[in-house]
Amino acid sequence: MSFDRKIKIAPSILSADFANFGQEIQAIEAQGADWVHVDVMDGHFVPNLTFGPPAVKAFRPHVKTVMDVHLMITPVDPYIQAYADAGADILTAHIEAGPHIHRTLQAIRAAGMKAGVALNPGTSAESVEHLLDLADLVCVMTVNPGFGGQKFIDMTDKVRRLREMIGDRPIHIEIDGGVDPSTAPLVAEAGADVLVAGSAVFKGGSVENPNIYGENIQAIRTAAERALS
Ligand code: DX5
Ligand code: ZN
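Keep in mind the model is a prediction, meaning the values are calculated, not measured.

1. What about the coordination of the zinc ion (ligand 2)?
So, point 1. At the metal site, the zinc ion (ligand 2) is ligated by His-37 (NE2), Asp-39 (OD), His-70 (ND1) and Asp-176 (OD), and these contacts range over 2.0 to 2.3 Å.
So, point 2. Here the zinc ion (ligand 2) binds 6 donor atoms, and the angle range of 69 to 171 degrees at the metal identifies the geometry as octahedral.
So, point 3. The motif formed by the donor residues of the zinc ion (ligand 2), counted along the single chain, is H-x1-D-x30-H-x105-D. Of this pair, Asp-39 sits in strand β2 (residues 36-41) while His-70 sits in strand β3 (residues 67-72), and the two are 31 residues apart along the sequence. Across this residue pair, the class does not change: Asp-39 and His-70 are buried.

2. Structural notes on the packing of aromatic side chains
So, point 1. In this structure the tally under the stated criterion is 6 aromatic pairs.
So, point 2. Judged by centre distance (5.6 Å) and plane angle (85 degrees), the ring pair of Phe-21 and Phe-51 falls under edge-to-face. A residue pair is termed long-range when its members are at least 10 positions apart, and Phe-21 in helix α1 (residues 21-30) and Phe-51 in the loop between β2 and α2 (53-59) qualify at 30 residues.
So, point 3. With centroids separated by 5.0 Å and ring planes inclined at 65 degrees, the aromatic side chains of Phe-202 and Tyr-213 adopt a geometry described as edge-to-face. Of the two residues, Phe-202 is situated in helix α7 (residues 199-202) and Tyr-213 in helix α8 (residues 211-228); the sequence distance between them amounts to 11 residues.

3. Here's the deal with the sheet that holds β3
So, point 1. The 8 strands lie next to each other as β1-β8-β7-β6-β5-β4-β3-β2, forming an open sheet whose pairing is parallel. Looking at which strands have only one partner, the edges of the open sheet turn out to be β1 (8-11) and β2. In this sheet, neighbouring strand axes are inclined to one another by 25 degrees on average, regardless of whether the strands run parallel or antiparallel.
So, point 2. In this structure, strand β6 (residues 137-141) lies alongside strand β7 (residues 172-176), joined through 5 bridges in parallel fashion. Directly across from Val-138, in β7, lies its bridge partner Ile-173.
So, point 3. Against the sheet, helix α5 (residues 156-166) touches β5 (114-119), β6 and β7, its axis set at about 165 degrees to β7.

4. Describing α8
So, point 1. The terminal C-alpha atoms of α8, which comprises 18 residues, lie 26 Å apart, in line with the 26 Å expected from a rise of 1.5 Å per residue.
So, point 2. Contacts made by the buried residues of α8 are with β1, α1, α6 (184-190), β8 (194-197) and α7.

5. Here we look at the site of ligand 1
So, point 1. Taken together, 20 residues form the shell around ligand 1, and within it Asp-39, Gly-146, Asp-176, Gly-198 and Ser-199 come nearest.
So, point 2. Contact distances for ligand 1 include 3.5 Å between an oxygen atom and a side-chain N or O atom of His-37.
So, point 3. Burial of ligand 1 by the protein chains amounts to 100% of its free accessible area of 380 Å².
So, point 4. Counting residues per element, the ones that place at least two in the shell around ligand 1 are β2, β3 and β8.
So, point 5. A per-element tally of the shell around ligand 1 places β2 first, with 3 residues.
So, point 6. When the residues that make up the shell around ligand 1 are grouped by side-chain class, the tally is 8 nonpolar, 10 polar and 2 charged.

How each quantity is defined
- Residues numbered from 1 in each chain as written.
- Chains lettered and ligands numbered in written order.
- Predicted model: local features only at pLDDT ≥ 70, side-chain atom pairs only at ≥ 80, totals over all residues.
- Heavy atoms only, no water.
- Donors = N, O, S within 2.8 Å, 3.2 Å for Na, K, Ca; no water.
- Tetrahedral: all angles 85-135°; square planar, octahedral: opposite > 155°, others 65-115°.
- Helix = DSSP H or I, 4+ residues; strand = E, 2+ residues; numbered from the N terminus.
- Buried < 20%, exposed > 50% of the residue type's maximum accessible area, 1.4 Å probe, protein only.
- Phe/Tyr/Trp six-rings, centres within 6.5 Å; stacked < 30°, edge-to-face > 60°.
- Pairing = 2+ DSSP bridges.
- Axes fitted to C-alpha atoms, helices over the stretch in contact; angles between N-to-C directions.
- Contact = heavy atoms within 4.5 Å.
- Expected span 1.5 Å × (residues − 1).
- Near = heavy atom within 4 Å.
- Polar contact = N/O pair within 3.5 Å; in protein donor to acceptor, adjacent residues only side chain to side chain.
- Areas by Shrake-Rupley, 256 points an atom, 1.4 Å probe, with all protein chains shown as cover.
- Nonpolar A, V, L, I, M, F, W, Y, C, P; charged D, E, K, R; others polar.

The following block contains the structure:
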């Protein structure tokens, strides 16, 4: 995985047809997705439950781009190796998931993956200051995690602050929650490069009608890039 700060659209398969993940992943990649975002929820750290390592492993052969796995679970450490074995390229853990995020990020890299740290809306940019040398990605949540389709919470100041703190380090800033063509420009302008979008990508489309996915992805990308020009 090479590093760049170009805008990347990462559809969240939380909004896909759960009975048809393989074809849904193929459809979004064919329609221009840069990464595939996989939301793992445990019904404990967040009030919703999705899937675990065996399902993620089953997604892997369908993902030709980057499999970006977002863990909304606690504890994290006992499951790191299972997600490495499942083929995650990036594994992101929440700073709020336990007292030892520093150790968690080290363990994710030691297992051969890129390490991401996610921040809930109530968590400050400064909380990652001493983690930046261990992180390949900072995920700024712009909703309270747990569900797709929620309203965007403006975290533009936090993104701007993180972008300053990161400087020249090769660390992605990812935005997760409520991203659509109207909110994407705000976060792109502030310095984010990875835009996760679930409902705004999948709405109106299907594997039988995948062009809609393409139009939705392009609309988000165009809006974000326009804010940078
Ligand atoms: C929220 C998840 C998100 C979610 C985004 O808990 O982490 O990835 O699927 O969905 P939208 O884009 O619909 O807000
Ligand atoms: Zn997510």
